[in-house]
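Chain by chain, the residues run as shown.
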Amino acid sequence: QVQLVESGGGLVQAGGSLRLSCAASRDTPITLVMGWFRQAAGKEREFVAAISWNGIGSHYADSVQGRFTISRDNGQNTVYLQMNNLKPEDTAVYYCAGDASKWPSTWATDKPDSWGQGTQVTVSS
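Residues numbered from 1 in each chain as written. Predicted model: local features only at pLDDT ≥ 70, side-chain atom pairs only at ≥ 80, totals over all residues. Heavy atoms only, no water.

**Q** Sorry, what's going on with the state of the cysteines here?
**A** Disulfide: a covalent bond connecting the sulfur atoms of a pair of cysteines. Throughout the structure, instances matching the rule amount to one disulfide. The disulfide bridge from C22 ends at C96, spanning 2.0 Å between sulfur atoms. Here C22 and C96 share a disulfide; its torsion about the S-S bond, -80 degrees, makes the bridge left-handed. Of this pair, C22 sits in strand 3 (residues 18-24) while C96 sits in strand 9 (residues 92-99); the two residues are 74 residues apart in sequence, bridging distant segments of the chain. Residue class for C22 comes out buried when judged on its relative accessible area of 0%. By relative accessible area, C96 is classed as buried at 0%. (Disulfide = S-S within 2.5 Å. Helix = DSSP H or I, 4+ residues; strand = E, 2+ residues; numbered from the N terminus. Buried < 20%, exposed > 50% of the residue type's maximum accessible area, 1.4 Å probe, protein only.)

**Q** Please explain the environment of W103 as it appears in this structure.
**A** Its location among the elements puts W103 in the loop between strand 9 and strand 10 (114-115). Aside from chain neighbours lying at most four places away, what touches W103 is S52 and G57. (Contact = heavy atoms within 4.5 Å.)

Here it is as C-alpha coordinates:
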(Lines give C-alpha, C1' and ligand atoms only; values in the text may rest on other atoms or scores of the structure.)
Protein backbone atom coordinates (compact mmCIF):
# COMPACT_ATOMS: atom_id res chain seq x y z
CA GLN A 1 0.00 0.00 0.00
CA VAL A 2 1.05 3.57 -0.58
CA GLN A 3 0.72 6.55 1.70
CA LEU A 4 -1.75 9.21 0.62
CA VAL A 5 -2.23 12.63 2.24
CA GLU A 6 -5.18 14.87 1.36
CA SER A 7 -5.43 18.64 1.69
CA GLY A 8 -7.66 21.48 0.52
CA GLY A 9 -10.92 20.79 2.29
CA GLY A 10 -12.91 23.49 4.04
CA LEU A 11 -16.14 25.43 4.24
CA VAL A 12 -17.66 27.00 1.14
CA GLN A 13 -21.01 28.44 0.16
CA ALA A 14 -23.25 26.71 -2.34
CA GLY A 15 -22.16 27.55 -5.87
CA GLY A 16 -18.56 27.99 -4.81
CA SER A 17 -15.43 26.01 -5.65
CA LEU A 18 -12.71 24.07 -3.88
CA ARG A 19 -9.69 22.13 -5.04
CA LEU A 20 -8.57 19.05 -3.19
CA SER A 21 -5.04 17.69 -3.45
CA CYS A 22 -3.66 14.29 -2.62
CA ALA A 23 0.06 13.67 -2.38
CA ALA A 24 1.33 10.13 -2.66
CA SER A 25 4.56 8.97 -1.05
CA ARG A 26 7.73 9.40 -3.12
CA ASP A 27 8.13 5.69 -3.73
CA THR A 28 4.70 5.42 -5.32
CA PRO A 29 4.73 3.65 -8.69
CA ILE A 30 3.90 6.04 -11.50
CA THR A 31 1.33 3.54 -12.77
CA LEU A 32 -0.88 3.93 -9.70
CA VAL A 33 -4.52 4.62 -10.52
CA MET A 34 -5.71 7.40 -8.21
CA GLY A 35 -9.01 8.93 -7.30
CA TRP A 36 -11.53 10.10 -4.73
CA PHE A 37 -14.38 8.76 -2.64
CA ARG A 38 -16.58 10.60 -0.16
CA GLN A 39 -18.60 9.71 2.89
CA ALA A 40 -21.39 11.86 4.26
CA ALA A 41 -22.53 11.52 7.86
CA GLY A 42 -24.63 8.39 8.30
CA LYS A 43 -24.04 7.19 4.75
CA GLU A 44 -21.79 4.69 3.04
CA ARG A 45 -18.60 5.72 1.33
CA GLU A 46 -19.24 6.41 -2.35
CA PHE A 47 -17.15 6.75 -5.45
CA VAL A 48 -16.53 10.26 -6.81
CA ALA A 49 -13.86 10.13 -9.53
CA ALA A 50 -10.74 8.27 -10.61
CA ILE A 51 -7.99 8.73 -13.18
CA SER A 52 -5.55 6.37 -14.86
CA TRP A 53 -1.81 6.72 -14.38
CA ASN A 54 -1.33 8.56 -17.70
CA GLY A 55 -4.39 10.75 -17.31
CA ILE A 56 -6.07 9.37 -20.42
CA GLY A 57 -8.77 7.41 -18.65
CA SER A 58 -11.03 9.05 -16.10
CA HIS A 59 -14.41 8.19 -14.64
CA TYR A 60 -16.92 10.17 -12.60
CA ALA A 61 -19.98 9.47 -10.52
CA ASP A 62 -23.14 10.76 -12.18
CA SER A 63 -23.74 13.10 -9.26
CA VAL A 64 -20.55 15.09 -9.94
CA GLN A 65 -20.23 14.75 -13.73
CA GLY A 66 -19.82 18.17 -15.30
CA ARG A 67 -19.02 19.89 -11.97
CA PHE A 68 -15.91 18.08 -10.76
CA THR A 69 -12.67 17.52 -12.66
CA ILE A 70 -9.94 15.09 -11.70
CA SER A 71 -6.35 15.55 -12.83
CA ARG A 72 -2.88 14.47 -11.83
CA ASP A 73 0.74 15.57 -11.89
CA ASN A 74 2.98 12.51 -11.92
CA GLY A 75 6.08 14.62 -11.40
CA GLN A 76 4.64 15.67 -8.05
CA ASN A 77 2.93 12.33 -7.29
CA THR A 78 -0.24 14.34 -6.77
CA VAL A 79 -3.85 14.00 -7.85
CA TYR A 80 -6.32 16.89 -7.76
CA LEU A 81 -10.08 17.22 -7.60
CA GLN A 82 -11.42 20.55 -8.80
CA MET A 83 -14.95 20.95 -7.47
CA ASN A 84 -17.13 23.66 -8.98
CA ASN A 85 -20.75 24.65 -8.43
CA LEU A 86 -20.73 22.90 -5.08
CA LYS A 87 -24.02 21.89 -3.51
CA PRO A 88 -24.94 21.18 0.12
CA GLU A 89 -25.29 17.51 -0.77
CA ASP A 90 -21.57 17.47 -1.63
CA THR A 91 -20.83 17.88 2.08
CA ALA A 92 -18.75 14.89 3.16
CA VAL A 93 -15.34 13.67 4.16
CA TYR A 94 -13.40 13.19 0.95
CA TYR A 95 -10.89 10.35 0.78
CA CYS A 96 -8.05 9.95 -1.66
CA ALA A 97 -7.50 6.42 -2.89
CA GLY A 98 -5.05 4.49 -5.01
CA ASP A 99 -4.75 1.10 -6.63
CA ALA A 100 -2.07 -0.61 -8.66
CA SER A 101 -4.36 -2.17 -11.24
CA LYS A 102 -8.07 -1.45 -10.98
CA TRP A 103 -9.23 0.67 -13.91
CA PRO A 104 -11.11 3.89 -12.97
CA SER A 105 -14.47 2.69 -14.32
CA THR A 106 -14.47 -0.26 -11.90
CA TRP A 107 -13.92 1.71 -8.71
CA ALA A 108 -17.61 2.20 -7.90
CA THR A 109 -18.02 -1.53 -7.33
CA ASP A 110 -14.43 -2.73 -6.75
CA LYS A 111 -12.87 -0.44 -4.20
CA PRO A 112 -9.15 0.40 -4.35
CA ASP A 113 -6.58 -0.86 -1.89
CA SER A 114 -4.96 2.27 -0.46
CA TRP A 115 -6.64 5.16 1.37
CA GLY A 116 -5.81 8.54 2.82
CA GLN A 117 -7.11 9.87 6.13
CA GLY A 118 -9.75 12.14 4.58
CA THR A 119 -10.46 15.85 4.43
CA GLN A 120 -13.74 17.51 5.36
CA VAL A 121 -15.70 19.49 2.76
CA THR A 122 -18.70 21.43 4.01
CA VAL A 123 -21.03 23.29 1.65
CA SER A 124 -23.43 25.74 3.25
CA SER A 125 -26.74 26.69 1.66
